[in-house]
Amino acid sequence: MQTVFFAKVPFVSVPVEVIKEIVKTLKLNEGSIVYDLGCGNARVLSIAQKIHPKAHFVGVELIWWAYMLAKLRIWKNRQNKNIKILCKNFFQVNVSNATHVFLYLYPEAMDKLLPKLEKELKKGTRVVSATFKFSQKQYTEKIDLHRDQNQLARTLYVYEF
Ligand SMILES: C[S@@+](CC[C@H](N)C(=O)[O-])C[C@H]1O[C@@H](n2cnc3c(N)ncnc32)[C@H](O)[C@@H]1O
């Protein structure tokens with residue numbers, strides 16, 4: 001485990017009320033392998049696994065205390081079999097087996113991540129990003145979550161790799 005206290009992208013959980021819409025937008029099935037790169041407390045993965053109990057999920061989190069919160073949540077909800085949490089820098093994790101990726105990061109991090117995703121993701125991998133988009137890749141869909149101006153996560157961007 002790396003002992004990083006804070007990452008350049010802060011730990012802010014995506015609001016709970018938009019998670020079902022995120023899961024719907026991901027379009028998961030039984031064989032899905034879903035990565036949340038920068039998974040925070042793994043709330044998104046935990047809710048997604050309850051909706052799609054046979055899919056598999058990997059959360060990658062750099063800061064150790066958020067990783068511990070994620071592990072605790074998965075352990076408490078008895079989701080260890082389907083959800084793996086890694087305390088790592090996502091730039092050092094190979095994501096080539098992903099069928100779906102969820103991101104809630106920051107524009108700079110998105111752009112740094114794009115070359116890695118383009119190199120590693122299989123054709124057809126679906127990526128859903130809350131709020132932020134890649135500056136160098138066109139999204140296939142933009143979903144307005146109809147939230148107030150002052151609320152977080154008002155838009156989802158969908159990409160097909
Ligand atoms: C905005 S939070 C989103 C948390 C979670 N995905 C959610 O939506 O609730 C971004 C997370 O990414 C993590 N993070 C930032 N850079 C990272 C990196 N290089 N590797 C792994 N995690 C990272 C941060 O520590 C933070 O917890």
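Quick note: structure is the one above.
Residues numbered from 1 in each chain as written. Predicted model: local features only at pLDDT ≥ 70, side-chain atom pairs only at ≥ 80, totals over all residues. Heavy atoms only, no water.

*Asks:* Got a minute to help me understand unusual backbone geometry in this structure?
*Replies:* Excluding glycine, a negative phi dihedral is what most residues carry, and trans is how most peptide bonds are arranged. The phi dihedral of Arg78 is positive, around 50 degrees, even though this residue is not glycine. For Arg78, a relative accessible area of 77% gives the class exposed. One non-glycine residue, Thr131, lies in the positive phi region at around 75 degrees. In this fold, Thr131 is placed in the loop between strand E5 (126-130) and strand E6 (141-144). You can call Thr131 partly exposed: its relative accessible area is 28%. (Buried < 20%, exposed > 50% of the residue type's maximum accessible area, 1.4 Å probe, protein only. Helix = DSSP H or I, 4+ residues; strand = E, 2+ residues; numbered from the N terminus.)

*Asks:* Sorry if this is basic, but what is going on with the pattern of salt bridges here?
*Replies:* Pairing between side chains becomes possible if they bear opposite charge and their charged atoms approach one another. Going through the model one piece at a time under the given rule, you end up with five salt bridges. The partner of Lys116 in a salt bridge is Glu120, and the shortest N-O contact between them spans 3.0 Å. With Lys116 and Glu120 both in helix H4 (residues 107-120), this residue pair falls four residues apart, about one helical turn. Comparing Lys116 with Glu120 shows no difference in burial state: the two are buried. The residue Arg126 makes a salt bridge to Glu141 at a minimum N-O spacing of 3.9 Å. Here Arg126, found in strand E5, pairs with Glu141, found in strand E6; they are 15 residues apart in sequence, far enough to count as distant. Accessibility expressed as a relative area gives 9% for Arg126, which makes it buried. (Salt bridge = Lys/Arg side-chain N within 4 Å of Asp/Glu carboxyl O.)

*Asks:* What's the story with the nonpolar core in this structure? I'm lost.
*Replies:* Proteins that are soluble and globular tend to have nonpolar side chains buried together. With 31 residues, the main nonpolar core has Val14, Ile22, Phe57, Ile85, Phe102 and Leu156 as its most contacted residues. Elements that contribute at least two residues to this core include exactly helix H1 (19-26), helix H2 (43-51), helix H3 (64-76), strand E3 (83-86), E5 and strand E7 (155-160). Residues within four places of Leu156 in sequence aside, it is in contact with Glu21, Ile22, Thr25, Val128, Ser129, Ala130, Glu141, Lys142, Ile143 and Leu145. By size, the runner-up hydrophobic cluster in this structure holds 22 residues, among which are Val60, Leu114, Phe134 and Phe161. (Core = buried A, V, L, I, M, F, W, Y, C linked by side-chain atoms within 4.5 Å. Contact = heavy atoms within 4.5 Å.)

*Asks:* How do you make sense of the site of the ligand when you look at a structure like this?
*Replies:* Lining the immediate environment of the ligand, one finds 23 residues, of which Val14, Gly38, Glu61, Asn89 and Phe90 sit closest. A distance of 3.0 Å is found between an oxygen atom of the ligand and a backbone nitrogen or oxygen belonging to Val14. At 2.6 Å from an oxygen atom of the ligand is found a side-chain nitrogen or oxygen belonging to Glu61. Considered on its own, the ligand offers 600 Å² of accessible surface; in the complex 96% of this is hidden by protein. (Near = heavy atom within 4 Å. Polar contact = N/O pair within 3.5 Å; in protein donor to acceptor, adjacent residues only side chain to side chain. Areas by Shrake-Rupley, 256 points an atom, 1.4 Å probe, with all protein chains shown as cover.)

*Asks:* When you look at H3 in this model, what are you seeing that I'm missing?
*Replies:* One turn of the α-helix equals 3.6 residues, which is why residues spaced by three or four share an orientation. Relative to the 18 Å expected for 13 residues at 1.5 Å per residue, H3 spans 18 Å between its end C-alpha atoms, a close match to the ideal helical length. Residues of H3 that are buried: Ala66, Tyr67, Ala70 and Ile74. On an axial view of H3, the arc spanned by its buried residues comes to 105 degrees, and they lie on one face. More than 90 degrees from the buried face of H3, the exposed residues found are Trp75 and Lys76. Structurally, H3 contributes buried residues whose contacts are with H2 and E3. Arg78 sits one or two residues past H3 and shows a positive phi near 50 degrees. (Expected span 1.5 Å × (residues − 1). Arc of directions from axis to C-beta.)

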